[in-house]
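Architecture and fold: a report
Letter by letter, the chains look like this.
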Amino acid sequence: MSRIAILTRPHGRNDTLARALARQSWQVLELPALEIQPLPAPPAGVPLPQHYDLVVFVSGNAARLYMAQLQSAPGAPASWPSGTAAATVGPASAQALRDLPGFGADTTVLCPSADAPSHDSEALWALLCERGHKPGRVLLVRGTQGRDWLANRLEQAGAEVQRHAVYQRQPAPWPPQAVHQLRAWAQQGRQPVWLLTSGEGIAAVQAQLQRHGLQHWWQAARYIVTHPSLASRLPQAAGGDAAAPMVQICLPVDEAILAAFVAA
């Protein structure tokens, strides 16, 4: 009987991993926990990169939606300004940024290396400190919700930080056929391995499972998470007093996630 993988990243983020898992004989259900909704440019206008020493993108979606806003923003440069550094929390986001029209293939993007212990705000902060990069003005491009850890560190170091939200994340509806499949697996006593990549995503999944009466089945599941902080949320998400679930922690890149599934 094939193993089951449930991929909860937003739509469009699961395709390559799903194909790789299928080649490993996994049965894959793509079930996004959240959906990304772009936000319009603020009434005051899009903050322009040439006004900052450093622009930090928290994700590939942040980079894509910011660059889309720039295309129609008054005063936007024709290409990324040479005096403005860019940074991301990981190499996948860095590559997504480099591939965007108007960014510039030769622009340096600061980000933790592929073999860094983690791809997160802490890793990027360590890199900035290691390189002695002390920006005066920083634009942090993000969603409406997210960690303020990096922004706080930059401000404590004397930087002026502006937060600019380009998207909001909302719980994604689950199709009836997907819920039917989950119920069937629960009745068969089959336990999937869930990929969970954000605290908001964990909360959204748990809310859906409670809505459909599947929370007790969830307690016995196995999980792969892409940041250590997410592991601490799982006992609570699994039902409070439940035994600690089986958790694999890996980097948020497809190769590491695939290896975690194989080892689960």
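Residues numbered from 1 in each chain as written. Predicted model: local features only at pLDDT ≥ 70, side-chain atom pairs only at ≥ 80, totals over all residues. Heavy atoms only, no water.

1. Examining the overall build of the protein chain
Each helix and strand in the protein chain was counted, giving 11 helices and 11 strands. On C-alpha atoms alone, the protein chain measures out to a radius of gyration of 20 Å, which is about the 18 Å that the 2.2 N^0.38 rule sets for 264 residues. Dimensions of the protein chain, computed from the C-alpha atoms along their principal axes, are close to 60 × 35 × 35 Å. In the protein chain, buried positions account for 46% of the 264 residues. Look at the contacts in the protein chain between residues 6 or more apart in sequence, and 66% of them connect residues 24 or more apart. Accessible area of the protein chain: about 12600 Å², with a carbon and sulfur share of 51%. (Helix = DSSP H or I, 4+ residues; strand = E, 2+ residues; numbered from the N terminus. Rg over C-alpha atoms; globule rule 2.2 N^0.38 Å. Buried < 20%, exposed > 50% of the residue type's maximum accessible area, 1.4 Å probe, protein only. Contact = heavy atoms within 4.5 Å. Areas by Shrake-Rupley, 256 points an atom, 1.4 Å probe, with all protein chains shown as cover.)

2. Description of the pairing of strand β2 (residues 27-30)
With 4 bridges connecting them, strand β1 (residues 4-7) and β2 associate as parallel partners. By the bridge assignment for β2, L7 is matched with E30. For the segment spanning β1, helix α1 (residues 15-23) and β2, crossover handedness is right-handed. (Pairing = 2+ DSSP bridges. Right-handed = clockwise from strand over helix to strand, strands pointing away.)

3. Regarding the domain arrangement of the protein chain
If you check the domain split of the protein chain, you get domain 1 (4-33 + 172-263) and domain 2 (37-169). Distance from the C-alpha centre of domain 1 to the C-alpha centre of domain 2: 29 Å. Contacts between the two partners involve 6 residues from domain 1, matched on the other side by 10 residues from domain 2. Taken together, both faces of the contact between domain 1 and domain 2 bury some 680 Å²; the carbon and sulfur share is 50%. Three residues, E200, H227 and L251, lead the burial of domain 1 against domain 2; their summed loss comes to 64% of the area buried on that side. Inspection of the domain 1/domain 2 interface yields 1 salt bridge. Of the charged contacts, one joins E200 and R169 as a salt bridge, the two residues approaching to 2.5 Å between their closest N and O atoms. Taken together, the connections running from domain 1 to domain 2 amount to 2 residue pairs in polar contact (both at pLDDT 80 or more). (Domains from an automatic or database assignment. Buried area = accessible area lost by both parts, 1.4 Å probe. Salt bridge = Lys/Arg side-chain N within 4 Å of Asp/Glu carboxyl O. Polar contact = N/O pair within 3.5 Å; in protein donor to acceptor, adjacent residues only side chain to side chain.)

4. A look at the side chain of N61
Summarising the element assignment, N61 is placed in helix α2 (residues 60-71). If near-sequence neighbours (up to four positions away) are discounted, N61 is found in contact with I36 and Y167.

5. Quick word on the sheet that holds strand β10 (residues 222-225)
As summarised here, the arrangement of the 5 strands in space is β2-β1-β9-β10-β11, forming an open sheet in which the pairing is parallel. With partners counted over all chains shown, the strands left at the sheet margins are β2 and β11 (246-249), one partner each. Shown here is a sheet whose adjacent strand axes are inclined to one another by a mean of 20°, direction ignored. (Axes fitted to C-alpha atoms, helices over the stretch in contact; angles between N-to-C directions.)

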